[in-house]
Amino acid sequence: MMVLLGVLVVILGFATRRNPLLVVGVAGIVTGFLGKLSPQEILAAFGNGFASSRSVTIFVITLPVIGLLERNGLQEQARTLIGRLGKLTTGRFLALYLLIRQLTAAVGLTSIGGPAQSVRPMVAPMAEGAAERRHGALPERTRERVRSYSASADNVGLFFGEDCFLAIGSILLITGFVNTTYHTHLEPLQLALWAIPTAVCAFLIHGARLLRLDRTLEREFAAPGGPSAAVGGSRTAEEAK
């Protein structure tokens, strides 16, 4: 039972808002020493774990690529593209992206989107561009709200769409655990079929929330002293300076 004190280190580290990488590393070292491993064995365990899971760090390769694309105007081109689609509001665009994200995740294409790959460089700027085309300059608070809705469309679409795919890790984990623990014979197809109604409900509920964002922005910018007045006031102050 003493080995489980490593979990306590993780809890305390996250509770005190320490660096996650440092917390996990210290927890691994503490667990190793409590398990009576030598320093060489602990280091070997870290190396073997990294080597066997190195595909997890593949995102490191995408970061410089995204940075180069942004430096060469990817976000500006995304804003220009959304500006040509006059009837596509912020909510409609995000609802469309939610549908595309769910459908692609349902067929196993979970890596074509994500916060780093698509939301930050393309989806969020396009959603902001649609809002700016309709309401003008956005204050920082409204801009952050649009970005959060963009991220939520990606997360909800992936989370509820991937379970409709037979070979996804979560489906295999559930079937393996249930069959081993309860001595049943649960097929991945059964879970995937039952995940479809859940994905449909998730799309309808979150899609409605995304479409409601348009009405929320309309009310805020139409109200006296709303975001448009704040932006106008800040511009006047800057001009006066």
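Preceding this section is the structure that the text describes.
Okay, so let's go over this structure. Being a predicted model, the structure only gives us computed values, none of them experimental.

Rules and cut-offs
Residues numbered from 1 in each chain as written. Predicted model: local features only at pLDDT ≥ 70, side-chain atom pairs only at ≥ 80, totals over all residues. Heavy atoms only, no water. Patch = residues over 30% accessible without salt bridge, like charges linked within 9 Å, V, L, I, M, F, W, Y side chains within 5 Å. Areas by Shrake-Rupley, 256 points an atom, 1.4 Å probe, with all protein chains shown as cover. Salt bridge = Lys/Arg side-chain N within 4 Å of Asp/Glu carboxyl O. Lys, Arg positive; Asp, Glu negative; His and termini not counted. Charge placed at Lys NZ, Arg CZ, Asp CG, Glu CD. Helix = DSSP H or I, 4+ residues; strand = E, 2+ residues; numbered from the N terminus. Core = buried A, V, L, I, M, F, W, Y, C linked by side-chain atoms within 4.5 Å. Buried < 20%, exposed > 50% of the residue type's maximum accessible area, 1.4 Å probe, protein only. Contact = heavy atoms within 4.5 Å.

1. Quick notes on a positive patch on the surface
There is a patch of like positive charges on the surface, built from Arg209, Arg212, Arg215 and Arg219. With respect to the element layout, Arg209 can be found in helix α10 (residues 188-222).

2. Considering the nonpolar core
Among the nonpolar cores identified, the biggest contains 24 residues, and Ile82, Phe93, Leu94 and Leu210 are the most heavily contacted of them. If you list the elements that add at least two residues to this core, you get α5 (74-83), α6 (90-106), α7 (115-135), α8 (140-161) and α10. Among the elements that make up this core, the one with the highest residue count is α7 (6 residues). Setting aside anything within four residues of it in sequence, one finds Phe93 in contact with Ile82, Leu88, Val123, Met126 and Ala127.

3. Some remarks on the pattern of salt bridges
Between side chains of opposite charge, pairing is possible as soon as their charged atoms come close. Scanning all chains against the criterion turns up 7 salt bridges. The partner of Arg134 in a salt bridge is Glu218, and the shortest N-O contact between them spans 2.5 Å. Residue Arg134 is located in helix α7, and its partner Glu218 is located in helix α10; the two are separated by 84 residues in the primary sequence. In this structure Arg134 comes out as exposed when scored by relative accessible area, which is 53%. With a shortest N-O distance of 2.7 Å, Glu220 and Arg145 are connected by a salt bridge. Of this pair, Glu220 sits in helix α10 while Arg145 sits in helix α8, and the two are 75 residues apart along the sequence. For Glu220, a relative accessible area of 23% gives the class partly exposed. Accessibility expressed as a relative area gives 26% for Arg145, which makes it partly exposed.

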